[in-house]
Amino acid sequence: MNGQRQTVTGALFVDCGQQLKNGTWVRPPRAKYECLICRTTEGPVIGATAVTAFVQTIRSKHHHNQQGAHAA
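Please read these numbers as outputs of a predicted model, since none were measured by experiment.

Student: I would appreciate a short explanation of the pairing of strand E4 (residues 30-35) in the present structure.
Tutor: Regular strands place side chains that alternate from one sheet face to the opposite one. Side-chain alternation along E4 places Ala31, Tyr33 and Cys35 on a buried face and Arg30, Lys32 and Glu34 on a face that remains uncovered. Here strand E1 (residues 10-15) pairs with E4 via six bridges, running antiparallel. If you follow Leu12 over to E4, its bridge partner there is Tyr33. Here five bridges tie E4 to strand E5 (residues 40-46), and the two strands are oriented antiparallel to one another. Looking at the pairing, Arg30 lines up with Ile46 of E5. Here E4 folds back onto E5, and the loop between the two strands holds four residues, one of which, Arg39, carries a positive phi near 60 degrees.

See the structure below:
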């Protein structure tokens with residue numbers, strides 16, 4: 001680390017699912033994002049394509065809801 005304090009502001013949960021060798025999904029991939037600043041949840045999204053897009057964009061698309069924020 002560079003000596004600067006790091007703060008966790010959100011948590012991204014990804015379940016890669018389970019797929020059989022023939023391509024059939026036993027449990028499809030899913031993901032959700034929890035913002036620790038405004039205490040909201042985005043998702044869950046389900047399906048390989050949806051999860052890929054969600055993971056790539058959630059940090060830039062999530063806007064903090066200041067009304068939901070709680071003082072530390």
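Structure shown, so let's carry the discussion forward.
Student: When you look at the environment of Thr9 in this model, what are you seeing that I'm missing?
Tutor: Tracing the backbone shows Thr9 in the segment before E1. Overall, Thr9 belongs to the partly exposed group, its relative accessible area being 34%. Through-space distance from the C-alpha of Thr9 to that of Glu34 is 8.8 Å; in sequence the pair is 25 residues apart. In this structure, Thr9 is in contact with Tyr33, Glu34, Cys35, Leu36 and Ile37, ignoring residues within four places of it in sequence.

Student: Explanation requested: the side chain of Asp15 in the structure shown.
Tutor: By the secondary structure assignment, Asp15 is in strand E1. In terms of polar contacts, Asp15 uses its side chain to reach the backbone amide nitrogen of Gly17, at 2.8 Å. Here Arg27 takes part through its side chain, which lies 3.1 Å from a polar atom of the side chain of Asp15. When residues no more than four places from it in sequence are discounted, the contact partners of Asp15 are Arg27, Pro29 and Arg30.

Student: What is the right way to look at unusual backbone geometry in this model?
Tutor: Residues other than glycine predominantly adopt negative phi, and peptide bonds predominantly adopt the trans conformation. Of the consecutive residues Gly43 and Pro44, the connecting peptide bond is found in the cis state with omega at 10 degrees. The residue Pro44 is located in strand E5 in this model. The phi dihedral of Arg39 falls on the positive side, at around 60 degrees, and the residue is not glycine. Relative accessible area serves as the criterion here: at 58%, Arg39 is assigned to the exposed category.

The rules we used
- Residues numbered from 1 in each chain as written.
- Predicted model: local features only at pLDDT ≥ 70, side-chain atom pairs only at ≥ 80, totals over all residues.
- Heavy atoms only, no water.
- Buried < 20%, exposed > 50% of the residue type's maximum accessible area, 1.4 Å probe, protein only.
- Helix = DSSP H or I, 4+ residues; strand = E, 2+ residues; numbered from the N terminus.
- Pairing = 2+ DSSP bridges.
- Contact = heavy atoms within 4.5 Å.
- Polar contact = N/O pair within 3.5 Å; in protein donor to acceptor, adjacent residues only side chain to side chain.

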